[in-house]
Amino acid sequence: MATEKPASWPTRVWAAVAGGLIGLVGLVLLGGGGWLIFLGGTPYYLLAGAAILATSVMLVRRDPFSGLVYGAVLAATLAWAIWEAGFSFWPLLPRLFAPAVLGLFLLLVIPSARRSVWRNRSGLATGVGALACLVVLGAAIPETFRTGQALIPAQVVSGAPAAQASSDWRYYGRDPGGARYAPVDQINRENVDELKVAWTFRTGEPNHRGSEDQNTPMQVGDRVYVCTPGNVVIALDADTGKEIWRHDPKVKKGFWNRCRGVGYWDGTQPRVAVSGAVPAAPVVTKAVVAKPAPRLASQAVAPAAPLCRRRILVSTINAQLIALDAATGAPCPGFGVDGKVDLSTGMGEVKTGFYFQTSTPTVIGNRVVVGGWVMDNREIAEPAGVVRAFDVVSGELVWAWDLGNPAITKLPPEGQTYTRGTPNVWSTPAFDPDLGLIYLPTGNSTPDYWGSHRSLMSEFYSSSLVALDAATGKERWVFQTVHHDVWDYDVPSQPMLIDFPVAGGTAPALVQFTKRGQIFVLDRRTGKPLTKVVEVHVPRGAQPGEWLRATQPYSVEMPTIGVERLTEAMMWGATPLDQMACRITFKQLRYDGDFTPPGGPKQASLQYPGNAGGMNWGSGAYDVRRGLLLVTDVRIPQSVRLVATKDAGLQLKLAKDRPPPSMKAVAYKSQNDWLVSPIFTPCLQPPHGTLSAVDVKTRKLVWQVPVGTAEDEGPLGMGSRLPIPIGSIGLGGPMTTAGGVTFHAATMDPYLRAYDNATGKVLWQGRLPVGAGGTPMSYVSPKTGKQYVVVSAGGARLRPARGDYVIAYALP
């Protein structure tokens, strides 16, 4: 019998090197898998690691059976993956793709084994196993594209208002109620795929590491107004995009530069009714056509200077409120000092970057209302969360709502300040001119994750909706969405005011989207829920010195968005290695579902939804013709660990008596990290962001689709070039139209997309030069009668590419 010739040294070296590389994979899986079993996780990785390590040893020894062993690994992996993840593409991807690729690599190594009939069978087993994994993975792709689409189209509601021929976009959410609904249908489901770029404008805003373009442009008549992260305001021609004027306040940029929009006033804004004490009206009302309400005597519009008969109002990142002539961009004389009002007046000490405005000023009647943003998690007793109304012509302070001292209704008494450390209103309010009420979404007192020092007033108003009399600033009602919020679940979205279907008719409602994925629906006259809200017991176990509420409010008759309870099997990654790492991280964290308390030095906790949402400041849109709420959400868990500071002992000692406002140091600081793998892929399986449609009549989810694809996402920040819907992180919201189309742009891949309101299907997409962070808007030009869709594209969150584009689309 002939003996086989000894293998050449290149063959032996190739087998040793390849076997060694595969052995490293096996060792990592073996060690990590053992750790995961110790933590109570799946045994798959340990078993797979042992088999792959055995395969590597056999490859080094040029054993012809090596491929049979790895073929068995692939068969077991395929069976386990389908058992654990079903036939969904994204959950299957890390379980099958890398093992299949490793199998294809083995096909190059197996021929170096000793000559035997089993060598060919090894190659066959490995090849068939790899091919089977790839076939199953490919077969799951079409289902990914169909995710969440409705079977029953959303019909136009009987009696819904007809589309209009023209439309301005005068407010952040287009109307005072923040519906983000353009009542025009020139661009519709049938022709939206014909959209082309109509014009492009470059603002010239230089890139700054602290800047993010979150602007929603505003339009009145033949002009579009945009603001940059540095608060430069620019007026553009609505048909050509050519610059008409610009105003640069020359503010010094810091670590957090935003300008979400500008306010507009020309004396024709809706008149604001005298609210008085809002009666406890019955919940059910018939559909009512709003009647004009008389203007308050105190709201009579003062004679405006000829220069500023129409005004643009902008707040800045150095806490100024500026009034500009809408025609020329010149500062308005007589408004404050040289067209500016100093918003730090009455605030006391304001350290650089600790207090300023990021959201759009709210113009209501002849008043402009502003809140403020405060730096998170640095000190207690930071600048006040006071909300103030100023006369739009003179800049005079009309009223102030101090959350900690209701006796202060304008400026604080000499030598005093507005109450420091109170919850702030950093997002955008909505208002009802017929009821004379303005609705404020509140945050919470800093620091976000430690609350034992908070005052009773702060506890009462944090993470709430507060209705104020727009004429006087007097409180009318309060509804709290989170009790004793130590999860940074402040209310970020602009409230949405709609007519909500109830038995026997409709009721004037306020719809509030939250970071928790909960949708609360309230009677906006009284603050009473129109859909059932119940108190549910939540996990306990606070860190020493802290306390927690036993229950939290849940909206049980409306859908919840992206709040499913997480499991180890839902952990993700690009490969089995980083998926295993994510599983280990998950098992190490304390996780008891919603409202898991912040962790401590020994064990961090897992928070989901994270502090980015759920739903965030991008808010939602309402298709009034079809009765659909449209809303986007973010799905990224985070770990939270509280670390004691040098002042912890003193803080805990004073916790029962509440520390004085002058005591600024915090007892505990939080360490927050998004759950990502060692190669920076999300640890939660996709989708990481969705667009959802909720039928207000049935109160059911109609459809839900991922927003954004994997085209520009991948391990280590590298784009995969795969246009498969993954759903991505983005805080900017949707805008919808009477044409049955919803537009959205805030995704990791740089596209403006148009979605069918009936099914959630992408009808059209246009690639942007860089990503977008804000919300699109739409208007009809009074000159040409053409409908435009406009988006500000300055770069997507978490992507390095930045720009300064404002782009308008229209039909040819």
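Here the structure is shown first, and the text comes after it.
Residues numbered from 1 in each chain as written. Predicted model: local features only at pLDDT ≥ 70, side-chain atom pairs only at ≥ 80, totals over all residues. Heavy atoms only, no water.

1. Quick look at the layout of surface pockets
A water-sized probe rolled over the atoms picks out the places where empty space is left.
Now for step 1: The computed volume of the second largest pocket comes to approximately 1,000 Å³.
Now for step 2: The wall of the second largest pocket is formed by 41 residues, among which Trp256, Asp376, Asp488, Asn611 and Arg797 lie closest to the centre.
Now for step 3: Where the lining of the second largest pocket is concerned, the elements lending two or more residues are strand 14 (373-374) and strand 30 (668-674).
Now for step 4: It is strand 30 that contributes the most residues to the lining of the second largest pocket, five residues altogether.
Now for step 5: Across the lining of the second largest pocket, the residue classes tally to 12 nonpolar, 15 polar and 14 charged. (1 Å grid on protein atoms, 1.4 Å probe; cavity = no way out; pocket = protein on both sides within 12 Å on 5 of 7 lines; lining within 4 Å. Points joined across faces, edges and corners; volume = space filled by probe spheres on them. Helix = DSSP H or I, 4+ residues; strand = E, 2+ residues; numbered from the N terminus. Nonpolar A, V, L, I, M, F, W, Y, C, P; charged D, E, K, R; others polar.)

2. Side note on the packing of helix 3 (residues 66-85) against helix 4 (residues 89-109)
Now for step 1: Two elements in contact, helix 3 and helix 4, have axes separated by 9 Å at closest approach and are oriented at 170°. Classified by the angle their axes make, helix 3 and helix 4 are roughly antiparallel. Judged by residue contacts, Tyr70, Leu74, Thr77, Leu78, Trp80, Ala81, Ile82, Glu84 and Ala85 of helix 3 engage Pro91, Leu92, Arg95, Leu96, Pro99, Ala100, Leu102, Gly103 and Leu106 from helix 4.
Now for step 2: Class assignment of the residues belonging to the contact of helix 3 with helix 4 gives a composition of 14 nonpolar, two polar and two charged. (Axes fitted to C-alpha atoms, helices over the stretch in contact; angles between N-to-C directions. Parallel < 35°, antiparallel > 145°, perpendicular 65-115°, else oblique. Contact = heavy atoms within 4.5 Å.)

3. Some details on helix 5 (residues 117-139)
Now for step 1: With 23 residues, helix 5 extends 33 Å between its outermost C-alpha atoms, agreeing within 8% with the 33 Å of an ideal straight helix rising 1.5 Å per residue.
Now for step 2: All of the buried residues along helix 5 are Arg119, Ser122, Gly123, Thr126, Gly127, Gly129, Ala130, Cys133, Val136 and Leu137. (Expected span 1.5 Å × (residues − 1). Buried < 20%, exposed > 50% of the residue type's maximum accessible area, 1.4 Å probe, protein only.)

4. Side note on the nonpolar core
Now for step 1: Counting 39 residues, the largest nonpolar core has Trp199, Phe743 and Leu752 as the members making the most contacts within it.
Now for step 2: Secondary-structure elements contributing two or more residues to this core are strand 2 (196-202), strand 4 (223-227), strand 5 (233-237), strand 36 (741-744), strand 37 (751-756), strand 39 (777-780), strand 40 (787-793) and strand 41 (805-810).
Now for step 3: For this core, the element with the most residues is strand 41, which contributes six residues.
Now for step 4: Beyond its immediate stretch of four places on either side in the chain, tryptophan 199 contacts Leu236, Asp237, Ala238, Asp239, Thr240, Gly241, Tyr779, Tyr788, Val790, Val806, Ile807 and Ala808. (Core = buried A, V, L, I, M, F, W, Y, C linked by side-chain atoms within 4.5 Å.)

5. Details of the packing of aromatic side chains
Now for step 1: Counted according to the given criterion, the structure contains 21 aromatic pairs.
Now for step 2: Relative to phenylalanine 431, the ring of tyrosine 171 has its centre 5.9 Å away and its plane inclined at 70°; by these criteria the two rings are edge-to-face. Remark: phenylalanine 431 occurs in strand 17 (residues 430-432) and tyrosine 171 occurs in the loop between helix 6 (141-145) and strand 1 (181-182); sequence separation between them is 260 residues. Taken individually, tyrosine 171 and phenylalanine 431 each receive the classification buried, so the pair is uniform in this respect.
Now for step 3: Seen from their ring centres, phenylalanine 356 and tryptophan 373 are 5.0 Å apart, and the 40° between their planes marks the pair as tilted. With a gap of 17 residues between them, phenylalanine 356 in strand 11 (residues 355-356) and tryptophan 373 in strand 14 connect regions that are remote in the sequence.
Now for step 4: When its relative accessible area of 3% is taken as the criterion, phenylalanine 356 is described as buried.
Now for step 5: Look at tryptophan 373 and you get buried, because its relative accessible area is 8%.
Now for step 6: Taken together through their ring pairs, the aromatic side chains of Phe255, Trp256, Phe356 and Trp373 make up a single cluster. (Phe/Tyr/Trp six-rings, centres within 6.5 Å; stacked < 30°, edge-to-face > 60°.)

6. Digging into the pairing of strand 38 (residues 762-767)
Now for step 1: Bridging between strand 37 and strand 38 involves five bridges; their strand directions are antiparallel. Across the sheet, residue arginine 753 finds its bridge partner in strand 38, namely glutamine 765.
Now for step 2: What sits between the antiparallel neighbours strand 37 and strand 38 is a turn of five residues, in which glycine 760 has the positive phi angle 85°. (Pairing = 2+ DSSP bridges.)

7. A closer look at the packing of helix 4 against helix 8 (residues 576-588)
Now for step 1: Look at helix 4 against helix 8: their axes get within 8 Å of each other, and the N-to-C directions meet at 145°. Contacts between helix 4 and helix 8 involve Pro94, Arg95, Ala98 and Pro99 from the former and Pro576, Gln579 and Arg583 from the latter.
Now for step 2: Split by residue class, the contact of helix 4 with helix 8 holds four nonpolar, one polar and two charged.

8. A word on the side chain of glutamine 543
Now for step 1: Residue position: glutamine 543 is located in the loop between strand 24 (533-537) and strand 25 (551-555).
Now for step 2: At 3.5 Å, the side chain of glutamine 543 forms a polar contact with the backbone oxygen of proline 598.
Now for step 3: When neighbours within four sequence positions are excluded, glutamine 543 is seen to be in contact with Trp450, Pro598, Gly599, Gly600, Pro601 and Leu642. (Polar contact = N/O pair within 3.5 Å; in protein donor to acceptor, adjacent residues only side chain to side chain.)

9. Remarks on the pattern of salt bridges
Now for step 1: Scanning all chains against the criterion turns up 26 salt bridges.
Now for step 2: A salt bridge links arginine 258 to glutamate 212; the shortest N-O distance between them is 3.4 Å. Of the two residues, arginine 258 is situated in the loop between strand 6 (243-247) and strand 7 (263-265) and glutamate 212 in the loop between strand 2 and strand 3 (218-220); the sequence distance between them amounts to 46 residues. Just as arginine 258 is buried, glutamate 212 falls in that class too.
Now for step 3: The shortest N-O distance in the salt bridge between aspartate 623 and arginine 626 comes to 3.0 Å. Grouping residues by exposure puts aspartate 623 and arginine 626 together as buried.
Now for step 4: Residues participating in the shared-partner salt-bridge network are Glu84, Arg95, Glu568 and Arg583. (Salt bridge = Lys/Arg side-chain N within 4 Å of Asp/Glu carboxyl O.)

10. Remarks on the environment of proline 429
Now for step 1: Among the secondary structure elements, proline 429 is positioned in the loop between strand 16 (397-401) and strand 17.
Now for step 2: A sequence separation of 12 residues divides proline 429 from proline 441, and the C-alpha atoms of the two residues are 6.5 Å apart.
Now for step 3: Beyond its immediate stretch of four places on either side in the chain, proline 429 contacts Thr362, Ile438, Tyr439, Leu440, Pro441, Gln494 and Pro495.

11. Describing empty space enclosed by the protein
Now for step 1: Summed over all chains, the structure comprises eight cavities of 30 Å³ or more.
Now for step 2: Empty space within the largest cavity amounts to approximately 110 Å³.
Now for step 3: If you trace the largest cavity, you find 17 residues lining it, with Tyr171, Tyr172, Pro361, Thr362 and Val363 closest to the centre.
Now for step 4: Looking at the lining of the largest cavity, the elements that each hand over two or more residues are strand 7 and strand 12 (362-364).
Now for step 5: The residue inventory of the lining of the largest cavity, partitioned by class, reads nine nonpolar, six polar and two charged.
Now for step 6: In this structure, the second largest cavity encloses a volume near 90 Å³.
Now for step 7: Lining the second largest cavity are 14 residues, and of these Ser359, Thr360, Val370, Gly371 and Ser427 lie nearest its centre.
Now for step 8: Of the residues assigned to the lining of the second largest cavity, the class counts are seven nonpolar, seven polar and no charged.

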